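# Results of the structural survey
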Amino acid sequence: MAAMLISGASVWDGLADAPAGVLDVWVEDGRVRAVGAGLTPPPGTERIDLTGHTLTPGFMDCHTHVAIDPDLTRSLLSSSAAAALRAVPVLRTLLDHGFTTIRDLTCADVAYTTLALRDAVAAGLVVGPRMLVAPHLISARGGHGDFSGALDDQRQGHDRVLEMAAADGPDEIRTRVRQEIRAGADWIKFAASGGFSSPSDDPSRPTYSQEEMDTLVATAADLGVPATPHVYSDEGVRRAVRAGVRSVEHGNLASAATLAMIEEAGVFLVPTLYTILADARRVDDDAYWATRPPYKRRKFREFHDALVGAAEHLAASDVKIAFGTDAGMFPHAENWREFPALVSAGISPLRALKAATSVAAELLQLDDLGVIAEGRTADLVAMPGDPFTDIEVTGRVDFVMKGGVVHRRPDAA
């Protein structure tokens, strides 16, 4: 790879409390070779002027669904081939917006679509972020991952398929975990409580017993794979943390005491605030809900106050927050909106930016990413302006480098 010198930008390394000021970043062979003022790289080095920009590590979205469409009915009834084809432009869109790494936490079919997409990106066949994948959501029957009751007028012949990765009891759960890992899963995801987008469950109720969660997480750990739960319920979060999960997805009904438990255990929290707060804050907007499932609106109305209160508890806590969006439930071009959503809940811009860079890399155990430093992989993004004073500029990324290769430049924005 040709050497490049990025100059003119204010550089934030992913760790410091603020940008270090205008510095040069020398990139060669896919890695950051040096960071400093007045660098003199070898002759023939390409120079990239990013004056007026802030340069940061590439963003990471730790909770995506690239093969799920906001039209959930279409996703549930699509073939795996159709889902994969729709995901190809989604992956490019994510990279366009500065997301150089993602963790995809379940598709909406029984095939291993997202594993194939992960491997296609790694092989250079598809343009997109590097991917870590939990192929399916392991769920109790009647829980958040069981959509056999979602399509009331089209259910006949689909009930079995729409159970997805249903597993009840330790023995069935153990088998399902091993099947996911046999197929190549990087992560195991399971439903520890009900949810908002599924028809027949309650977000405040756990759907697996402590024994079932213990079995699931231990089986994955035996095979060297971390586990994470979809969970809103306060008790569901507690059971998952006791079981030994690495992260908690959502957790938006967790009490202050449960957040303290998460913090003490060193577990990461991926709060997906944008999609939660957008729905909760617009629960009385008839136009907004005209094309959304009535059962989802009923749930958000019931839990509105608790969701808003939990976001305030999160901001007041010291839990390790990792950035994740639940995109797929909404268009992937809007992933960046998680940044202002976090800030609107009282979380500092610094904490929000770390959540998508150094903290996300720690969660995902990607030690080579998330920080701009000598020797690290050159995943870099830049945006005009300063996200520390205006978090909205995270939505205007116009320079993207992944692994030392420039994907997007300001003059092509």
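Use the structure listed above.
Residues numbered from 1 in each chain as written. Predicted model: local features only at pLDDT ≥ 70, side-chain atom pairs only at ≥ 80, totals over all residues. Heavy atoms only, no water.

### Concerning the nonpolar core
- The biggest cluster of nonpolar side chains holds 86 residues, and the ones touching the most others in it are Val66, Ile188, Phe190, Tyr208, Leu216, Leu273 and Phe339.
- Counting residues per element, this core draws most heavily on helix α9 (residues 273–281), at six residues.
- Leaving out residues up to four positions away in the same chain, Phe339 has contacts with Phe59, Phe99, Phe323, Ala352, Leu353, Ala356, Ile391 and Thr394.
- Met4, Val25, Leu55 and Leu380 belong to the second-largest nonpolar core, a separate cluster that totals 18 residues. (Core = buried A, V, L, I, M, F, W, Y, C linked by side-chain atoms within 4.5 Å. Buried < 20%, exposed > 50% of the residue type's maximum accessible area, 1.4 Å probe, protein only. Helix = DSSP H or I, 4+ residues; strand = E, 2+ residues; numbered from the N terminus. Contact = heavy atoms within 4.5 Å.)

### Some remarks on the side chain of Arg408
- Secondary-structure assignment places Arg408 in strand β19 (residues 405–408).
- Separated by 2.8 Å, the side chain of Arg408 and the backbone oxygen of Asp96 make a polar contact. (Polar contact = N/O pair within 3.5 Å; in protein donor to acceptor, adjacent residues only side chain to side chain.)

### Here's the deal with the pairing of strand β12 (residues 188–191)
- Across the two faces of β12 the burial is the same, with Ile188 and Phe190 and Lys189 and Ala191 all buried.
- Here strand β10 (residues 137–139) runs beside β12; their pairing, made up of two bridges, is parallel. Across the sheet, the residue bridging to Leu137 is Lys189, located in β12.
- Bridging between β12 and strand β13 (residues 227–231) involves four bridges; their strand directions are parallel. Considered in β13, the bridge of Lys189 is made with Thr228.
- Note on the crossover from β12 through helix α6 (residues 210–222) to β13: the handedness is right-handed. (Pairing = 2+ DSSP bridges. Right-handed = clockwise from strand over helix to strand, strands pointing away.)

### Some thoughts on the packing of aromatic side chains
- Tallied over the full model, the rule gives 11 aromatic pairs.
- Arranged with centres 5.7 Å apart and planes meeting at 55°, the rings of Phe59 and Phe99 form a pair that is tilted. One end of the pair, Phe59, is in strand β7 (residues 59–64); the other, Phe99, is in strand β8 (residues 99–105), with 40 residues separating them in the sequence. We note that Phe59, like Phe99, is buried.
- An aromatic cluster of three or more residues is present, and its members are Phe196, Tyr232, Tyr288, Trp289, Phe300 and Phe303.
- Looking at Arg292, its charged tip hangs above the ring of Tyr288, at a distance of 3.8 Å from the centre. (Phe/Tyr/Trp six-rings, centres within 6.5 Å; stacked < 30°, edge-to-face > 60°. Lys NZ or Arg CZ within 6 Å of the ring centre and 35° of its normal.)

### Some details on the sheet that holds β8
- Taking strand neighbours across the sheet as the criterion, the three strands line up as β7-β8-β9 in an open arrangement whose pairing is parallel. If you trace the sheet from one side to the other, it starts and ends with β7 and β9 (130–134), each paired once. Within this sheet the neighbouring strands show an average axis-to-axis angle of 15°, counted without direction.
- Helix α2 (residues 80–96) rests against β8 and β9 of the sheet, and its axis sits at about 135° to β8.
- Running at roughly 160° to β9, helix α3 (residues 113–122) makes contact with β8 and β9 of the sheet. (Axes fitted to C-alpha atoms, helices over the stretch in contact; angles between N-to-C directions.)

### A look at the state of the cysteines
- Within this structure, the stated rule accounts for zero disulfides.
- The closest cysteine sulfur to the non-disulfide-bonded Cys62 is located on Cys107, 19 Å from its own sulfur.
- According to the relative accessible area criterion, Cys62 is buried, its value standing at 0%.
- Residue Cys107 is classed as buried on the basis of its relative accessible area of 5%. (Disulfide = S-S within 2.5 Å.)

### Looking at the packing of α2 against α3
- At a closest axis distance of 10 Å, the pairing of α2 and α3 adopts a crossing angle of 40°. Regarding the angle of α2 to α3, the classification is oblique. Helix-helix and strand crossings are classified by hand; for α2 and α3 the assignment is right-handed. Of α3, the residues touching α2 (which contributes Ser80, Ala83, Ala84, Ala87 and Leu91) are Thr113, Leu117 and Val121.
- Tallied by class, the residues present in the contact of α2 with α3 amount to six nonpolar, two polar and no charged. (Parallel < 35°, antiparallel > 145°, perpendicular 65-115°, else oblique. Left-handed = near helix turned anticlockwise from the far one by under 90°. Nonpolar A, V, L, I, M, F, W, Y, C, P; charged D, E, K, R; others polar.)

### Description of the pattern of salt bridges
- With the rule as written, the count across this model stands at 21 salt bridges.
- Linking Glu172 and Arg141 is a salt bridge whose minimum nitrogen-to-oxygen distance equals 3.1 Å. Of this pair, Glu172 sits in helix α5 (residues 169–183) while Arg141 is found in the loop between β10 and α4 (159–162), placing the two residues 31 residues apart along the sequence.
- Residue class for Arg141 comes out partly exposed when judged on its relative accessible area of 37%.
- Residue Lys320 is joined to Glu362 by a salt bridge in which the shortest nitrogen-to-oxygen separation is 3.4 Å. With Lys320 in strand β16 (residues 320–321) and Glu362 in helix α14 (residues 358–364), this pair connects stretches of sequence that are 42 residues apart.
- A relative accessible area of 30% places Lys320 in the partly exposed class.
- Its relative accessible area of 38% is what places Glu362 among the partly exposed residues. (Salt bridge = Lys/Arg side-chain N within 4 Å of Asp/Glu carboxyl O.)

In short, shape yes, function no, at least from these values alone.
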